[in-house]
Amino acid sequence: MSDEETADWIPPGADLSRPSAARIYDYLLGGAHNLAPDRDVARKLEAIQPHVAGVARRNRAFLRRVVRFMLDQGVRQFLDLGSGIPTVGNVHEVAQGVDPEAKVVYVDYEPVAVAHSVMLLKDNPHAEALEADATDTAAVLKSEPVRKLLDFERPVGLLAITLGHYLPEVRGVFAAYRDVLAPGSYLALTHLTNDFAVLRDPRVAETMRSTQDHIYPRTKAEVLALFDGFELVEPGLTTSANWRPDRLAAVVDPEEDGLYAGVGVKTRP
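Read on for an overview of the structure.

### Concerning the overall build of the chain
- Summing up its helical and strand segments, the chain has 11 helices and eight strands in all.
- For 269 residues, the compact-globule formula gives about 18 Å, and the C-alpha radius of gyration of the chain, at 17 Å, lands near that figure.
- Counting only C-alpha atoms, the chain reaches 50 × 40 × 35 Å along its principal axes.
- The proportion of buried residues among the 269 residues of the chain is 57%.
- As displayed, the chain has an accessible area near 11,800 Å², and 52% of this comes from carbon and sulfur atoms.

Next up, the structure:
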């Protein structure tokens, strides 16, 4: 076993035999919590599509913007599904920078992501990480961190950033979370699509089949359906870079962006 595989951010018993999307994403963002097999897959993806690291960075920037947007709407509690490995601009850092008592629960099934999150949050009473499969909605919603930190009688910011395209069946999962949210709650998501050139090459999906996280790109109509029960806020369903970009940010051609992105508000019980 290599030295990096015995690092303190590798939990005992973790299966490191297959690359994971969370660790590949960490590599593309310039992080250090990834292993040689993850880097190999990331480099193959970059060889197919040189813009893939840019897609990852723009996705992460979208996450930070939507958290700030939700905070501006008065949301003070967040459920981050498929949260991945912590990196600069984590949800709790953004949220608690505005309100130190903002509550955050991170959910991921990747043990390295959860172990590192637990380490990061050990002295934070208002944020916790849960190792769970987001598709097991009952287990997530009944978990101790969720029951302790989140009040579903009040608005919640539900974050599903690059989650849906890893799920072969997705609408039922999103609906189960939607149904427990109070009016005034928000859903933010990004989702891979073949509608744009940057990720249309079938070798992208083929390469991801060598990992534990296969991808299921969806069309605009299919992604819009995930907002059933929510009213999209302006500018509607767009791409990650072009959803309310920071004032000085350049507009990115959707063909180079690759991810549909949007935010919806739940207006009815």
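On we go from here.
### A word on the pairing of strand β3 (residues 127-131)
- Across the five residues of β3, four count as buried, placing the element largely inside the fold.
- Of the pairings in the sheet, the one linking strand β2 (residues 103-108) to β3 comprises five bridges and is parallel in character. Opposite Val 105, over in β3, you have Glu 128 as the bridge partner.
- In this view, the connection linking β2 to its parallel neighbour β3 by way of helix α5 (residues 111-121) has right-handed handedness.

### Topic: the packing of helix α3 (residues 52-72) against helix α4 (residues 91-98)
- Between α3 and α4, whose axes approach to 10 Å, the crossing angle comes to 30 degrees. Put simply, α3 runs roughly parallel to α4. Remark: the crossing between α3 and α4 carries right-handed chirality. In contact with Leu 63, Arg 64, Val 67, Arg 68 and Leu 71 of α3, α4 contributes Val 91, Val 94, Ala 95 and Val 98.
- Of the residues assigned to the contact of α3 with α4, the class counts are seven nonpolar, no polar and two charged.

### Looking at the pairing of strand β5 (residues 186-192)
- Buried residues dominate β5, accounting for seven of its seven residues.
- Note: strand β4 (residues 157-161) against β5, five bridges, orientation parallel. Residue Gly 157 lies in a different strand from β5, and its bridge partner there is Tyr 186.
- The handedness of the β4 to β5 crossover, carried by helix α8 (residues 171-180), is right-handed.

### Structural notes on the nonpolar core
- Of all hydrophobic cores here, the largest spans 32 residues; its most connected members are Leu 79, Leu 81, Val 107, Phe 174, Tyr 177, Leu 187 and Leu 189.
- Elements that contribute at least two residues to this core include exactly β1 (77-81), β2, α6 (137-141), α7 (144-149), β4, α8 and β5.
- No other element matches the three residues that α8 contributes to this core.
- Setting aside anything within four residues of it in sequence, one finds Tyr 177 in contact with Leu 79, Leu 81, Ala 134, Thr 137, Val 140, Leu 141 and Leu 158.
- Residues Phe 62, Val 75, Phe 78 and Ala 188 belong to the second largest nonpolar core, which totals 28 residues.

### Re the pattern of salt bridges
- For the structure shown, the criterion picks out 13 salt bridges.
- One salt bridge in this structure joins Asp 257 and Arg 58, with 3.1 Å as the shortest N-O distance. Separated by 199 residues along the polypeptide, Asp 257 in helix α11 (residues 254-257) and Arg 58 in helix α3 bring together distant segments of the chain.
- On the basis of relative accessible area, Asp 257 is assigned to the buried category, the value being 0%.

### What to know about α4
- All of the buried residues in α4 are Val 91, His 92, Val 94, Ala 95 and Gln 96.
- Where the residues of α4 are buried, they touch α3, β1, β2, α5, β3 and β4.

### Description of unusual backbone geometry
- The omega torsion of the bond from Glu 234 to Pro 235 falls at 10 degrees, within 30 degrees of zero and hence cis.
- Mapped onto the elements, Pro 235 comes out in the loop between β6 (231-232) and β7 (238-239).
- For Arg 244, which is not glycine, the phi torsion reads 45 degrees and is therefore positive.
- On the secondary structure map, Arg 244 appears in the loop between β7 and α11.

What counts and how
- Residues numbered from 1 in each chain as written.
- Predicted model: local features only at pLDDT ≥ 70, side-chain atom pairs only at ≥ 80, totals over all residues.
- Heavy atoms only, no water.
- Helix = DSSP H or I, 4+ residues; strand = E, 2+ residues; numbered from the N terminus.
- Rg over C-alpha atoms; globule rule 2.2 N^0.38 Å.
- Buried < 20%, exposed > 50% of the residue type's maximum accessible area, 1.4 Å probe, protein only.
- Areas by Shrake-Rupley, 256 points an atom, 1.4 Å probe, with all protein chains shown as cover.
- Pairing = 2+ DSSP bridges.
- Right-handed = clockwise from strand over helix to strand, strands pointing away.
- Axes fitted to C-alpha atoms, helices over the stretch in contact; angles between N-to-C directions.
- Parallel < 35°, antiparallel > 145°, perpendicular 65-115°, else oblique.
- Left-handed = near helix turned anticlockwise from the far one by under 90°.
- Contact = heavy atoms within 4.5 Å.
- Nonpolar A, V, L, I, M, F, W, Y, C, P; charged D, E, K, R; others polar.
- Core = buried A, V, L, I, M, F, W, Y, C linked by side-chain atoms within 4.5 Å.
- Salt bridge = Lys/Arg side-chain N within 4 Å of Asp/Glu carboxyl O.

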